[in-house]
Amino acid sequence: MTIVENELETPLRPSEAPARPAPDDATRFVGRPIPRLDGALKVRGQARFAAEVPFERLAYGALVHSSIARGRIAEIDTAAAEAAPGVLLVMTYRNAPRLKPPLLMMADPKGASASNLPVMQDDRIHWNGEPVAAVLAETQEQADHAATLVRVRYEAEAAATGFEEAKAKAHPPENILGEPSSIAVGDAEAALSQAPFKVDQVFRTPRHNHCAIELHAVTVAWEGGHLLVHDATQMVHLARGTLAAVFDIPEDHVRVLSPFVGGGFGNKAVWNHHVIAAAAARLLDRPVRMVLTREGVFRATGGRTVTEQRVALGARADGTLAALIHTGFTAVTAHNSCPEQFTIPARHLYAAETMHIAQQVTELDMVANTFMRAPGESVGTFALESAIDELAVAMALDPIELRRRIEPARDPTSGKRFSARHLLQAYERGAQRFGWNPDRPAPGSRRDGEWLIGQGVATATYPYFRMPGGAASIRLGIDGRAVVKMGAHEMGMGTATAQTQHAAQLLALPMDRVRFDYGDSDLPTGTIAGGSSQSASIIATVRAAFEALVSQLLVLADDTTLAGLRPEDVEARDGGLGVCGDPSRHVSYVTILRRAGRDALECRADSPAPAEMEKFSMHSYGAQFCEVRVSAVTGETRVSRWVGSFDTGRILNPKTAASQFRGGIVMGLGLALSEETLFDERSGRIMNPSLADYHVPVHLDVPPIEVIWNDIPDPHSPLGLHGIGEIGITGVGAAVANAVYNATGKRVRELPVTLDKLL
Ligand code: MOS
């Protein structure tokens, strides 16, 4: 894979100098491509992941998964498994401790589970793949072997496993991530029927599964009535709250540690294996390790659900939209709260005189679907941005020019002002970098031997979120070091590095004097690593803690230099506080602490309410450009070139940010070309639960990916940031499908774009 390292060619534009230097301008770590602080640990194998934590007398677990989708366990024979070498316990609903159901994510303030079904509490079966037994043994191999000896006889009942049939029972979900499930502006159907140019198509996207390199894993231990959980999670505090509820113990009797996560894209949350491992550990009175197999990840943890989407666009001759319709269905379970919000982009992206946006869900008997990188937006932009391209073709307009004509002045459905929206600039910069040809050659006209060549473009977009409910503290020590503490998460995206940069800059300390402590539920409450919200959420909270710290330092400062000054009179400078506008008046933190007779000072603050989200329409944006080569002989599609041009506010660390964008684009190539969870509608069984049969992109599938960004800070977000974790995958499916159309003249409206659809 060739990676074009261009991040240094797009340096941060210097932020406008405020009248009084803001703390972030005191030093210059933010915006620098600092290598990951945890990188060396990882390449040396010293970063300890959840499945690697050593314990004395550790027992290893393996799961047995149901092979029916609905019904009950009529008989379960565990005798052979129990007699197998090394086996310590076979746990089923018959001997599992009585437990409360897990708390539901998004529905309960402490919810970390995509399902609130009870775990191993009765003989009922709810999905094909549900854990029905857990074998605990002295070694992993013994547990795996004994699990094959468990015999289960089921009484199957009629299950809802067919999407087409279930659609008849579809209904609107309560809401779509806080937005109404249906929005109507004017009479869109009437406007569509009268429009001189129209596109009205149905798009389909399949299920997708999470394929993080790190398998889901927990190592758990009870110490008295206290539960210690070494986890791979995006939410240490919600995991703590959910497990405390399940075991009916106080929250402070549970500690969840997760210093490193080997990839998390929305489903490193709480699933059955957490509950089963902790329950088995209690029965055994031994620590337990439960690592899902790759098949187990597919069977026992959910991913992105199936969608069927209608997009209809009606345009006037001048290219403005008279009607924008985006409706459709997804399959969910009766016990979750993830509707796969594919209509979010259409609500906020383009100006249209009339709109009809509506989503419906229908319940199937399957593993609970859940969040997966840009849930909704990744597949919603496939449909919407494919339809925009179809309209551009119908109107013989450059698709970028069409987007210029439908660029809205305000948010089309909320009517709010955009806090920062420079999408067209991202298009212009991307088009220039890519070498976009606005007069696209006709399909089939560019050819290199058997390869038909095409170019495609699509909008990327993802909402801005900042989460309330967190807290952070900053501890300054007499040794001149600072520790910033928040139960946040590092899943490989660079959180620890970027947050150390920010904190060092805020405190005006060298980076090696600052440590960011995270990944531990004993720390002040972290918000989730989800919704691309973590960076802004942490930064706003750490800045609040910094303000508290400055106030306290001024109280402590028994010194003529700072006496009587208010927080707004001082700034962090050279490892201490300095008087604004007077370089000669400065006292180091260490001096303040020493004179006050203190070893340390620690100040804590809660996350400020995300008021900016109420006031403004806030989103990350981007323009995805690609070139594809499609074999006229086999129909095989190869993506040969990629430029992602993003508009995501200020970039904290160009190196880790570029990696986030690229990672998202690579995952988008999987969505576009190969990824598809095959769900047997007769049995509700996933047919390809392995990386051999579920095809994620490999090196040969990934072209040179160039990423650039506008780097225009949002004046209304903390430090000018927008989220960048998820936007990379959005727009990729459409950009590829649009390029495939340009190459071949074939419009594929059903993902993935496999060769059979092109022959
Ligand atoms: Mo993301 S799907 O919110 O981890």
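Note that the structure is predicted; figures quoted are calculated from it, not measured.

Rules and cut-offs
- Residues numbered from 1 in each chain as written.
- Predicted model: local features only at pLDDT ≥ 70, side-chain atom pairs only at ≥ 80, totals over all residues.
- Heavy atoms only, no water.
- Helix = DSSP H or I, 4+ residues; strand = E, 2+ residues; numbered from the N terminus.
- Buried < 20%, exposed > 50% of the residue type's maximum accessible area, 1.4 Å probe, protein only.
- Lys, Arg positive; Asp, Glu negative; His and termini not counted.
- Salt bridge = Lys/Arg side-chain N within 4 Å of Asp/Glu carboxyl O.
- Contact = heavy atoms within 4.5 Å.
- Phe/Tyr/Trp six-rings, centres within 6.5 Å; stacked < 30°, edge-to-face > 60°.
- Lys NZ or Arg CZ within 6 Å of the ring centre and 35° of its normal.
- pLDDT = per-residue confidence, 0-100.
- Domains from an automatic or database assignment.
- Buried area = accessible area lost by both parts, 1.4 Å probe.
- Polar contact = N/O pair within 3.5 Å; in protein donor to acceptor, adjacent residues only side chain to side chain.
- Nonpolar A, V, L, I, M, F, W, Y, C, P; charged D, E, K, R; others polar.

Undergrad: Can you tell me about the side chain of Asp714, naming the residues and giving the values?
TA: Tracing the backbone through its elements, the reader meets Asp714 in the loop between strand S29 (705–709) and helix H18 (732–744). Buried and unpaired, Asp714 has Arg417 as its nearest opposite-charge partner, separated by 9.3 Å. In this structure Asp714 touches Ser419, Ala420, Met618, Gly649, Gly720 and His722, once residues within four positions along its chain are discounted.

Undergrad: Can you explain the packing of aromatic side chains? Please cite residues and give values.
TA: For the structure on display, the rule yields 12 aromatic pairs. Look at Tyr462 and Phe465: their rings are 6.2 Å apart centre to centre, the planes differ by 75°, and that puts the pair in the edge-to-face class. The same class applies to Tyr462 and to Phe465, which are both buried. Here the aromatic rings of Phe516 and Tyr518 are separated by 5.9 Å at their centres, their planes lie at 15°, and the arrangement is stacked. With a relative accessible area of 6%, Phe516 lands in the buried category. In textbook terms, an aromatic cluster arises when at least three aromatic residues are bridged by ring pairs, as seen for Tyr427, Phe434, Trp436 and Phe625. Positioned above the aromatic ring of Phe418 is the side chain of Arg421, whose terminal nitrogen or guanidinium carbon lies 4.8 Å from the ring centre.

Undergrad: I'd like to hear about the confidence of the model for the protein, residue by residue, with values.
TA: Taken residue by residue, the protein gives an average pLDDT of 95. The fraction at 70 or more is 96%. Confidence drops under a pLDDT of 50 for residues 1–26, and excluding neighbours within four residues, the segment shows 55 contacts in the predicted structure.

Undergrad: Tell me about the domain arrangement of the protein, residues and numbers included.
TA: Under the domain assignment used here, the protein contains domain 1 (14–41 + 468–609), domain 2 (51–158 + 214–300) and domain 3 (376–465 + 610–759). Across the contact, 28 residues belong to domain 1 and 23 residues belong to domain 3. Each partner contributes to the roughly 1800 Å² buried at the junction of domain 1 and domain 3, and carbon and sulfur atoms together form 63% of this total. For the pair domain 1 and domain 3, the interface holds 0 salt bridges. Run the count over domain 1 and domain 3 and you get 6 residue pairs in polar contact (both at pLDDT 80 or more). Those elements that provide at least two residues to the side of domain 1 that touches domain 3 are helix H13 (495–507) and helix H14 (534–556). Top contributing element to the side of domain 1 that touches domain 3 by residue count: H14, with 5 residues. Classifying every residue of the side of domain 1 that touches domain 3 by side-chain character gives 13 nonpolar, 11 polar and 4 charged.

Undergrad: Please set out the pattern of salt bridges residue by residue, giving values where relevant.
TA: Scanning the model with the defined rule gives 42 salt bridges in all. Here Arg204 ties to Glu308 by a salt bridge, and the two come within 3.6 Å at their closest N and O atoms. Placement of Arg204 in strand S8 (residues 197–205) and of Glu308 in strand S13 (residues 307–315) is noted, with a sequence separation of 104 residues between them. Classification of Arg204 as partly exposed rests on a relative accessible area of 35%. By relative accessible area, Glu308 is classed as buried at 10%. As a salt-bridge pair, Asp701 and Arg638 come within 3.6 Å of each other at their nearest N and O atoms. Within this pair, whereas Asp701 is found in the loop between strand S28 (685–686) and S29, its partner Arg638 is found in strand S26 (residues 637–647), the two being separated by 63 residues in sequence. Overall, the relative accessible area of 29% leaves Asp701 in the partly exposed class. In this structure, a network of salt bridges that share partners links the residues Arg70, Arg124, Glu157 and Asp365.

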